[in-house]
Amino acid sequence: MTRVSAFSSPFMLGFDDIERVLDRVSKAANDGYPPYNIERLPASDEQGEVIRITLAVAGFTRDQLDVSVEESQLVIRGRQQEDKTRQYLHRGIAARQFQRAFVLAEGIEILGADLRDGLLSIDLARPEPERIVRRIEISAGD
């Protein structure tokens, strides 16, 4: 059975990459750990719109977290190691690994990341796009 998408229209030229991005997003949206917020911060004079992603990563240290950009995706990984020296009477907090990915639009810049009080905040800037109008000359076919 072949899959028909909205991007298969003959009027939608060059949108193959967007279709692949939507497939990646739909696959990644199923995992709910760790929980996160995405908020828009007020624009400043130096930067355009700033977006902050905040992940709840209680129990992770800075050394156990990795933030990177891979193929137009912001990827956050967390790796905790089992502490074999501890003897638990009850184990309700598991040492857990995670990977959370956010697809980035072209031109998004990563401003930085901060870990404070169990919350990892990553700030991104979306520069204001330059408005370009280009006139196309029509040649005479004589």
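Above this text sits the structure in question.
Procedures and definitions
Residues numbered from 1 in each chain as written. Predicted model: local features only at pLDDT ≥ 70, side-chain atom pairs only at ≥ 80, totals over all residues. Heavy atoms only, no water. Phe/Tyr/Trp six-rings, centres within 6.5 Å; stacked < 30°, edge-to-face > 60°. Helix = DSSP H or I, 4+ residues; strand = E, 2+ residues; numbered from the N terminus. Buried < 20%, exposed > 50% of the residue type's maximum accessible area, 1.4 Å probe, protein only. Lys NZ or Arg CZ within 6 Å of the ring centre and 35° of its normal. Pairing = 2+ DSSP bridges. Axes fitted to C-alpha atoms, helices over the stretch in contact; angles between N-to-C directions.

Engineer: So what's going on with the packing of aromatic side chains? Which residues, and what values?
Structural biologist: Aromatic ring pairs are described here by two measures, namely the spacing of the ring centres and the angle between the planes. Enumeration over the complete set of coordinates arrives at three aromatic pairs. Measuring from ring centre to ring centre gives 5.2 Å for Tyr36 and Phe102, while their planes differ by 85°; the resulting arrangement is edge-to-face. Of this pair, Tyr36 sits in strand β1 (residues 36–41) while Phe102 sits in strand β5 (residues 98–103), placing them 66 residues apart in sequence. On the accessibility criterion, Tyr36 (37% relative accessible area) is partly exposed. Residue classification places Phe102 among the buried residues on the basis of a relative accessible area of 11%. Ring geometry for Phe60 against Phe98: centres 5.3 Å apart, planes inclined by 85°, an arrangement best described as edge-to-face. With Phe60 in the loop between β2 (49–56) and β3 (65–70) and Phe98 in strand β5, this pair connects stretches of sequence that are 38 residues apart. Overall, Phe60 belongs to the buried group, its relative accessible area being 6%. On the basis of relative accessible area, Phe98 is assigned to the buried category, the value being 7%. Among the aromatic residues, ring-to-ring pairing joins Tyr33, Phe60 and Phe98 into one connected group. Arg91 extends its terminal NZ or CZ atom over the ring of Tyr88, reaching a point 4.4 Å from the ring centre. The aromatic ring of Tyr33 is capped on one face by Arg96, whose charged end is 3.8 Å from the ring centroid.

Engineer: Describe the environment of Arg116, and please don't skip the residues or the numbers.
Structural biologist: With respect to the secondary-structure elements, Arg116 resides in strand β6 (residues 109–116). For Arg116, a relative accessible area of 55% gives the class exposed. Along the sequence, Arg116 and Ala58 sit 58 residues apart, while their C-alpha atoms lie 9.5 Å from each other.

Engineer: How would you sum up the sheet that holds β3? Please name residues and give values.
Structural biologist: Strand order in the open sheet formed by three strands is β3-β4-β5, and the pairing between neighbours is antiparallel. Edge strands, defined here as strands with exactly one partner in the open sheet, are β3 and β5. Adjacent strand axes in the sheet meet at a mean angle of 15° when their direction is disregarded. As defined by bridge partners, β3 adjoins strand β4 (residues 73–78) across six bridges and the pair is classed as antiparallel. Among the inter-strand pairings, Val69 is bridged to a residue of β4, identified as Leu74.

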